[in-house]
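# Report on the structure
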Amino acid sequence: MKDKDLRKRVPYHIQRDVLDELGVDQVAEKSDFKISAKEKLREAVRFKSCFLSFVPLLTWLPRYPFRENAIGDLISGISVGIMHLPQGMAYALLAAVPPVFGLYSSFYPILIYFIFGTSKHISVGTYAVMSVMIGSVTERLAPDSDFMIPGNDTNSTSLDIVSRDAERVKIAATVTFLSGIFQLLLGLVRFGFVVTYLSEPLVRAYTTAAAIHVIVSQLKYSFGINPQRYSGPLSLIYIIIATVVSWQMDLKTEYGVEVVGKIPSGLQAPVAPAVSLLGSMVGDAFALAVVGYGIAISLGRIFALKYAYKVDSNQELIALGLSNSIGGLFNCFAISCSMSRSMVQVSTGGKSQVAGAISALVILVILLKIGELFEELPKAVLAAIIYVNLQGMMKQFGDIRSLWRTNKVDMVVWVMTLILTVLFNPDMGLAASIAFSILTVVFRTQLPKYSILGQVPGTDIYKPVEDYNQEIPGIMIFHSSATLYFANAEMYIDALYEKTGVDVAKLLSHKKKLEAKRLRKEKKAAKKAKKEAKKRAKEAVKAAEEPKFSDTDESGEEAEANGDVHKLSVKEPKDVGAVEVGPDPDTDTTLPQAIILDLSPVNFLDTVGVKTLRNIYKDYGEAGVQVYFCGCQRGVVESMEKGDFFNEKVTKSILFSSVHDAVLYCQQGNSEEVQYILMSYTHTRISEVS
């Protein structure tokens, strides 16, 4: 059926009193009850303590549909576990630690997430971006230059690789432990929203820049060089082949090709973090916590939306925090989730966290039994694996073209994030990128769209007059698309003057000039009158002393007869204060009857915002224009109350719930009996289709 056949016009009739803020409070029976901060804290603590008394595993595992999900999770877990093997060892190179520690990082954290995580489809474990960030910390705090030992020759030195690697493992584990603590604390205080500061363009550009760092860091293994360092299908078969060739040809001895090296069987005992190093890595740990969580929750929400379930953002913080903090005790480095592994987990039939647990068991078998088979694997092969896994990230350069068409500000954020992260190391690049992204938000609030609204005939709908050209005579409705606060308050006033055509500042200035001019003329006229009065008095006295003539007028004879010759009346000049002045051509305009400020987009008011509204109301009032406010949210009204906006003369009667209420109030001459009546108003509704 065509769309027009599914639609029908539904007329309706509304009749009610025009309501200001006080009227709404009375009709709605507003309650003044508020929950105290102490009660809120008590409820939060009680809820969190109950929540922490169990784990998500205890909720879903007893109801696990074994018959439907077991086979898919088994196949998926084995497939992902096989992927963990090369990726774990390869990403360990990025973290500047021996490859075996990548296998540890693919085991312990996955088991912890299996117990505490809420996403059914993401594959947590080693991740290129996190590994690069770890590597920047380990190489900064344990550079090669600190482990040079004298050689046999007088001027020769050699690198103590064993001591260096041991120190770097300790640094990686400690920063991982600290990042886990940060994630755990953020989750306990329900700060899951912190990831909102990582927009999608920022995250995609950051991962692209991190991929560039990864590529550069792997060139040494690809070309078999050792420069100074500064702060798919059939893939398993190709690994196997490279290992066999390296072992049979003895490339390590013949050509000096670096190989993975010793992979000890078994698991390591937990080790306490190096407390002395914590102070030097706080910023790095926090960056790891935010980036790891941001990537995991973004991917988790994508799968949750696709498969219709919910991911708890705060619980994800707790799960990742426990995975990293406990993993750090077992010499693991920070983990997040991988898109490539997650896609394999989903495509091979994985339907729950059980697939992740099975992949961890695959790694356990490798660590216990067959790890030594991969000791002769060339590191160049691991570098090639990394290059292949970075294909998706490098394809993100296509975002620039799409963002140019859709949102140029987001494109600028993408490009600047890439540049900043490439120029600086990943942690500093992240901080600079977030700061730049926030600046773009501030910049956009400083340049909102201002407009004068007009009424669509026969409705209570108001649209910009530049689009619909339906002005309301004598009433100006001013609308801003952004909130009002200290950064754009001055621009708000300037736009108001421009759009309404009434520059109150100039108007009041001209009014003061006129008043001063009038006072000067009054003073001058009074001074002149006083001078003339003295002159007349002298003339009168002089006339009284002169001899009387017979032809003296009647009034003079009467005055003389009464002996009151010194009592004379002096006539004051007329209309001393009525000074006529011409209009100022810069301010000569027709003032509107009222101005209505639509504050519906304003979600908060700071002290500057309250002061701005107070000055607007006062200045326009002095110019003879009444100002009303509409669409005020509760927080805005409370800010106005706390900012002493209201008093005995200025009450909440100037606040209205909607633009239409304010307009009707102005049009009916402020009558208290105004009725909100709208006849035969129509909506378009989609009818139900069976």
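Residues numbered from 1 in each chain as written. Predicted model: local features only at pLDDT ≥ 70, side-chain atom pairs only at ≥ 80, totals over all residues. Heavy atoms only, no water.

In the annotation of an unreviewed UniProt entry, the protein is listed under the name Solute carrier family 26 member 6 and assigned to Cyprinus carpio. Word for word, the UniProt comment on the protein under Subcellular location (unreviewed entry) is "Membrane". (UniProt positions renumbered as here; feature names shortened; annotations may be inferred.)

## As for the overall build of the protein
For the protein, the helix and strand inventory stands at 28 helices and 12 strands. Counting only residues that meet the buried cut, the protein has 45% of its 690 residues in that class. Surface accessibility of the protein: about 38100 Å² in total, with carbon and sulfur atoms responsible for 59%. (Helix = DSSP H or I, 4+ residues; strand = E, 2+ residues; numbered from the N terminus. Buried < 20%, exposed > 50% of the residue type's maximum accessible area, 1.4 Å probe, protein only. Areas by Shrake-Rupley, 256 points an atom, 1.4 Å probe, with all protein chains shown as cover.)

## Some points on the pairing of strand β8 (residues 475-480)
Consecutive residues of a regular strand have side chains that alternate between opposite faces of the sheet. Burial analysis of β8 places six of its six residues in the buried class, which makes it a mostly covered element. Here β8 shows no split at all, with Ile475, Ile477 and His479 on one side and Met476, Phe478 and Ser480 on the other all buried. Judged from the four bridges that link them, strand β6 (residues 450-455) and β8 form a sheet pairing that is antiparallel. Counted as the bridge partner of isoleucine 452 is phenylalanine 478 from β8. (Pairing = 2+ DSSP bridges.)

## Examining the sheet that holds strand β7 (residues 462-464)
Judged by pairing direction, the sheet is mixed, and its six strands sit side by side in the order β7-β6-β8-β9-β10-β11 without closing on themselves. Both edges of this open sheet fall to β7 and β11 (655-656), since each of them pairs with a single strand only. In this structure, β6 lies alongside β7, joined through three bridges in antiparallel fashion. Within the sheet, the bridge partner assigned to leucine 453 lies in β7 and is proline 464. Sheet strands touched by helix α23 (residues 489-500): β6, β8 and β9 (594-598). Its angle to β6, the strand with the most contacts, is close to 45°. Where helix α26 (residues 607-622) meets the sheet, its contacts fall on β9 and β10 (626-630), and the angle it forms with β10 comes to roughly 150°. (Contact = heavy atoms within 4.5 Å. Axes fitted to C-alpha atoms, helices over the stretch in contact; angles between N-to-C directions.)

## Quick look at the environment of glycine 327
Its place among the elements puts glycine 327 in helix α14 (residues 313-329). With residues up to four places along the chain from it excluded, the contact list for glycine 327 reads Leu322 and Cys332.

## Describing helix α15 (residues 339-347)
Listing the buried residues of α15 in full gives Arg341, Ser342, Gln345 and Val346. The buried side chains of α15 occupy one side of the element, clustering within an arc of 135° when seen end-on. Once α15 ends, the next one or two residues include glycine 349, with phi positive near 105°. (Arc of directions from axis to C-beta.)

## Considerations on a positive patch on the surface
Taken together, Lys517, Arg520, Lys521, Lys524 and Lys528 make up a surface patch of like positive charges. For lysine 528, the position within the fold is in helix α24 (residues 504-545). With relative accessibility at 54%, the residue lysine 528 sits in the exposed group. (Patch = residues over 30% accessible without salt bridge, like charges linked within 9 Å, V, L, I, M, F, W, Y side chains within 5 Å. Salt bridge = Lys/Arg side-chain N within 4 Å of Asp/Glu carboxyl O. Lys, Arg positive; Asp, Glu negative; His and termini not counted. Charge placed at Lys NZ, Arg CZ, Asp CG, Glu CD.)

## Focus on unusual backbone geometry
We note that alanine 96 has phi near 65°; this positive angle belongs to a residue other than glycine. By the element assignment, alanine 96 lies in the loop between α4 (66-94) and α5 (100-104). We classify alanine 96 as buried; its relative accessible area is 8%. A positive phi angle, close to 55°, is found at aspartate 644, a residue other than glycine. Examined against the element boundaries, aspartate 644 turns out to sit in the loop between α27 (634-642) and β11.

## Examining the state of the cysteines
Counting across every chain of the model gives zero disulfides. The thiol of cysteine 632 is unpaired, and the distance to the nearest cysteine sulfur, on cysteine 630, comes to 7.1 Å. By relative accessible area, cysteine 632 is classed as buried at 14%. (Disulfide = S-S within 2.5 Å.)

## Remarks on the packing of helix α9 (residues 200-217) against helix α21 (residues 426-446)
Contact geometry for α9 and α21: axes closest at 11 Å, N-to-C directions at 155°. On the basis of their axis angle, the class for α9 and α21 is roughly antiparallel. Crossing handedness for the pair α9 and α21: right-handed. Mapping the contact onto sequence places Leu202, Tyr206 and His213 in α9 and Pro426, Asp427, Leu430, Ser433, Ile434 and Ser437 in α21. Split by residue class, the contact of α9 with α21 holds five nonpolar, three polar and one charged. (Parallel < 35°, antiparallel > 145°, perpendicular 65-115°, else oblique. Left-handed = near helix turned anticlockwise from the far one by under 90°. Nonpolar A, V, L, I, M, F, W, Y, C, P; charged D, E, K, R; others polar.)

## What about the packing of aromatic side chains?
Overall, the coordinates contain 19 aromatic pairs when judged by the stated rule. Ring geometry for phenylalanine 629 and phenylalanine 645: centres 5.7 Å apart, planes at 80°, overall edge-to-face. Taken together, the residues span a long stretch of sequence, with phenylalanine 629 in strand β10 and phenylalanine 645 in the loop between α27 and β11 at a distance of 16 residues. With respect to burial, phenylalanine 629 and phenylalanine 645 carry one shared label: buried. Aromatic rings pair up to connect Tyr617, Phe629, Phe645 and Phe646 into one cluster. The cationic tip of lysine 120 hangs over the ring face of tyrosine 309; the distance from NZ or CZ to the ring centre is 4.9 Å. (Phe/Tyr/Trp six-rings, centres within 6.5 Å; stacked < 30°, edge-to-face > 60°. Lys NZ or Arg CZ within 6 Å of the ring centre and 35° of its normal.)

## Considering the pairing of β6
In terms of residue burial, β6 counts as a mostly covered element, since five of its six residues are buried. Between β6 and β7, which pair antiparallel one after the other, the connecting turn spans six residues, and glycine 458 there sits at a positive phi close to 80°.

## What about the pattern of salt bridges?
Scanning the entire structure with this criterion turns up nine salt bridges. As a salt-bridge pair, arginine 168 and aspartate 144 come within 3.0 Å of each other at their nearest N and O atoms. Here arginine 168, found in helix α8 (residues 161-188), pairs with aspartate 144, found in the loop between α7 (128-141) and β3 (148-150); they are 24 residues apart in sequence, far enough to count as distant. A relative accessible area of 27% means that aspartate 144 is categorised as partly exposed. Between glutamate 622 and lysine 618 there is a salt bridge, with its nearest N and O atoms 3.0 Å apart. Separated by four residues within a single helix, glutamate 622 and lysine 618 lie in helix α26, roughly one turn from each other. Judged by relative accessible area, glutamate 622 falls into the partly exposed class, the value being 38%.

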